[in-house]
Amino acid sequence: MNSEFALKKTGFSEYLVRCNGLDELGFEEWLFHPGMLFGALDRWWADGGNRAKPHEGLDLCLYRGLGGHNRSLDERTKIPLTYDGEIVKIDDDFLGRKGL
Ligand SMILES: [Zn+2]
C-alpha cells in the first residue's frame, strides 16, 4: 500500500463495523489506497494510471484490525442501508466478487 488515510467514523461506518462484527475483531480504522477516496483521479487496481472521470464513491473495503493487522471485507459483508427505500439494481462489480 503506497499511502493510507484515516477516515473519521460516521454513523454509517460505525453501523457497518458493528453489523459485520468487525468491532469484535478489534476494528481500528478504515484504510485507503490512492484512488479509493471520493473525487480521486487515480486508479488503485491493475497497473494504476488515471480514471476516465473522478471517483464518485468511497471504497470502504480495507481496515486495520486488532494488533495493527490489515484486513479486507469480503463477499459476505452486510451493507447497511443509508435511506429507507427499495433496492432496484445491484451491480456485479469486481469488488463484490474478489477479495482484496
Ligand atoms: Zn469505488
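Calculation criteria
Residues numbered from 1 in each chain as written. Predicted model: local features only at pLDDT ≥ 70, side-chain atom pairs only at ≥ 80, totals over all residues. Heavy atoms only, no water. Helix = DSSP H or I, 4+ residues; strand = E, 2+ residues; numbered from the N terminus. Contact = heavy atoms within 4.5 Å. Buried < 20%, exposed > 50% of the residue type's maximum accessible area, 1.4 Å probe, protein only. Arc of directions from axis to C-beta.

Colleague: I would appreciate a short explanation of the environment of Asp23 in the present structure.
Modeller: For Asp23, the position within the fold is in the loop between helix H1 (11-19) and strand S1 (29-31). Measuring from C-alpha to C-alpha, the distance between Asp23 and Gly65 comes to 8.6 Å, with 42 residues separating the pair along the chain. Setting aside its immediate chain neighbours within four residues, Asp23 contacts Val17 and Arg18.

Colleague: How should H1 be read in this particular structure?
Modeller: The α-helix winds at 3.6 residues per turn, so residues separated by three or four positions along the chain end up facing the same way. Looking only at H1, the buried set comprises Ser13, Leu16 and Val17. An end-on view of H1 places all buried positions within 95 degrees of arc, on one side of the element. Structural note: H1 exposes Gly11 and Arg18 on the side pointing more than 90 degrees away from its buried face. Following H1 by one or two positions, Gly21 adopts a phi angle in the positive range, close to 70 degrees.

All we've got here are geometric facts, nothing functional implied.
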